[in-house]
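# Understanding the architecture of this molecule
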Amino acid sequence: SLGGLCPKKKYKAKRPQTSRELQDAGNDVFSPHVWLAARLLSEKALGVKSDFYAYIALLPEAHDGFDHLPVNFNQELLQELQGTEVVDDAIELNATIRREHSAIRKRVPSLQHISLQEWRWARMIVITRCFSVFIDGIKTSILAPYADMLNHDYPTITSWKYNAAKKAFVVTVTDDISSGSEVTIGYGQLSNFRYFSRYGFIVNQNTEDDARVRYVASGEKRQQRTFRVRWSSAVDDLLSLYNYVISHASLSPNASSSSPSKELAVRRDAWRKVRDALGETLRGYPHTIEEDNRLFLQWRTSSSPSSSPSSSPTLRYIVTLRRREKKLLHSLQIAAYSAVDVLSSDSSLSTFAALQAKLNETHAALGANNDIECLTCVSHAKQLLQRCEAEWRGLFV
């Protein structure tokens, strides 16, 4: 069992001054993460007198411990991430940290002296190391010394929770493990955007990965909406965008006065707009997917890739993340192109059969090469083609 710093702990007679000031300010003023970062700084200021001195002494330093996190990237690295959600998240988190620092200095007298750099350090520790647990039925965040040094793996052979009877944070091994093997924990089933933004790493072939599609509706207001598409449910997510476009079409396909040809034209136009939205989203990235593919090939074939300035671990993570987003968007764009082609007034069932046969042939070839990502992309196209065929049959058969 491992002790921890907990913002919801009820300090009584000898509660630390910072804890007293935070509680006096009210739990509604500061989030658990802010509360925890403030407590960490107060414990750090105690030096060897702190019960957590040994733990704090092991934590990374402010000047070199968090360069791998996007929130600390320079403009050059952020430019490489343009088009991804990571950039917006990093900008917002930086603004949030500055607001928190100002509020802490105003509301917590014992921390009036802390610098923005010190506050950033504490927040980075909390972001990268805290656990979410339930204590006395309340969900909160804690720092669990030494447990936070375990690496991530999924599926994992451990579970963790706060044990009320032991008043401790407990990590339990749930399966057999051989002597000398690494013990890992799960940081959660997250997309690579989340893993990279919060922990500075990515997971290969992550089924939780997603991408954003930006759609600007035509008309006077030209309002922009963002739709999220995931590898695990890409076609259903894309159909949500398609249905949104259809619902805002000038001619509803459900109108009783519409002829099948007019209804088909509305659907075909909707898929054109979806296709164009995917293309516009892809153009928002600083590099094309072909350029990212060439980088990957260069790294794979280089005898000493680490010697090149363009192949740092951080840049590899960046390119892997944005390339995977683009592969997902590109596969859906190809599927949308197919939908436009087949939903024409002179389409016939033989057209669908020919396209389906071609996709089956491609699927079999990719399966032989064990190309999981490309197999998934072809599956997207096959699912969407089946949807289009069903729509065509509903109108003309």
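For the structure given in this document, a descriptive report is provided here. (Residues numbered from 1 in each chain as written. Predicted model: local features only at pLDDT ≥ 70, side-chain atom pairs only at ≥ 80, totals over all residues. Heavy atoms only, no water.)

Attention now goes to the environment of A147. By secondary structure assignment, the location of A147 is in the loop between β2 (138-142) and β3 (158-163). Using a relative accessible area of 2% as the deciding quantity, one classes A147 as buried. Sequence spacing of A147 and C130 is 17 residues, and the spatial spacing of their C-alpha atoms is 9.8 Å. (Helix = DSSP H or I, 4+ residues; strand = E, 2+ residues; numbered from the N terminus. Buried < 20%, exposed > 50% of the residue type's maximum accessible area, 1.4 Å probe, protein only.)

Relative to each other, helix α7 (residues 192-199) and helix α11 (residues 313-342) sit at 155°, their axes nearing to 11 Å. Classified by the interaxial angle, the pair formed by α7 and α11 is roughly antiparallel. In terms of crossing hand, the pair formed by α7 and α11 is left-handed. Of the residues in α11, those touching α7 at N192, F193 and F196 are T314, Y317, I318 and L321. (Axes fitted to C-alpha atoms, helices over the stretch in contact; angles between N-to-C directions. Parallel < 35°, antiparallel > 145°, perpendicular 65-115°, else oblique. Left-handed = near helix turned anticlockwise from the far one by under 90°. Contact = heavy atoms within 4.5 Å.)

Attention now moves to empty space enclosed by the protein. Counted according to the given criterion, the structure contains two cavities of 30 Å³ or more. Here the largest cavity is characterised by a volume of approximately 60 Å³. Together, N192, F193, D209, D210, W231, L321, R324 and E325 line the largest cavity. Contributing elements (two or more residues each) for the lining of the largest cavity: α7 and α11. (1 Å grid on protein atoms, 1.4 Å probe; cavity = no way out; pocket = protein on both sides within 12 Å on 5 of 7 lines; lining within 4 Å. Points joined across faces, edges and corners; volume = space filled by probe spheres on them.)

The subject of this paragraph is the pattern of salt bridges. Within this structure, the stated rule accounts for 16 salt bridges. Among the ionic pairs, R198 bridges to D89, the shortest N-O distance being 2.9 Å. Taken as a pair, R198 in helix α7 and D89 in helix α5 (residues 85-107) lie far apart in primary sequence, 109 residues in all. The salt bridge involving R99 is made with E92; its shortest N-O contact spans 3.2 Å. Several salt bridges share partner residues, and in doing so they unite E80, D292, R322 and K326 into one network. (Salt bridge = Lys/Arg side-chain N within 4 Å of Asp/Glu carboxyl O.)

Most of α7 sits out of view: six of its eight residues are buried. Within α7, burial applies to N192, F193, Y195, F196, S197 and Y199. In this structure, the buried residues of α7 make contact with α5, α6 (116-129) and α11. G200 occupies a position one or two residues after α7 and carries a positive phi of about 85°.

Ranked by size, the top nonpolar core spans 38 residues in total, and within it Y215, L238, L241, W271, V274, L278 and L329 carry the most contacts. Mapped by element, the contributors of at least two residues to this core are β5 (210-216), β6 (224-230), α8 (234-247), α9 (260-282), α11 and α13 (372-396). Among the elements that take part in this core, α8 stands out by supplying nine residues, more than any other. Beyond its immediate chain neighbours, meaning those up to four positions away, W271 contacts L238, L239, Y242, A336, A339, V340, L343, L384, C388 and E391. Among the nonpolar cores identified, the runner-up in size contains 31 residues, and L40, V71, I114 and M124 belong to it. (Core = buried A, V, L, I, M, F, W, Y, C linked by side-chain atoms within 4.5 Å.)

Take the packing of aromatic side chains next. Describing an aromatic ring pair means giving the distance of the ring centres and the angle of the ring planes. Applying the stated criterion across every chain, the model contains 14 aromatic pairs. Ring geometry for Y55 versus Y146: centroids 6.2 Å apart, planes at 80°, classification edge-to-face. Of this pair, Y55 sits in helix α3 (residues 53-58) while Y146 sits in the loop between β2 and β3, and the two are 91 residues apart along the sequence. Y146 sits in the partly exposed class, given a relative accessible area of 39%. On the numbers, 4.7 Å between centres and 50° between planes, the contact of Y187 with Y199 is tilted. Note that Y187 is positioned in the loop between β4 (168-173) and α7 and Y199 in helix α7, a separation of twelve residues in sequence. Here a set of aromatic residues connected by ring pairs shows up, and it is made of Y187, Y195, Y199 and F201. Above the plane of the ring of W231 lies R324, whose end atom (NZ or CZ) is 4.5 Å from the centre. (Phe/Tyr/Trp six-rings, centres within 6.5 Å; stacked < 30°, edge-to-face > 60°. Lys NZ or Arg CZ within 6 Å of the ring centre and 35° of its normal.)

So far we have only geometry, and geometry alone does not tell us how the molecule works.
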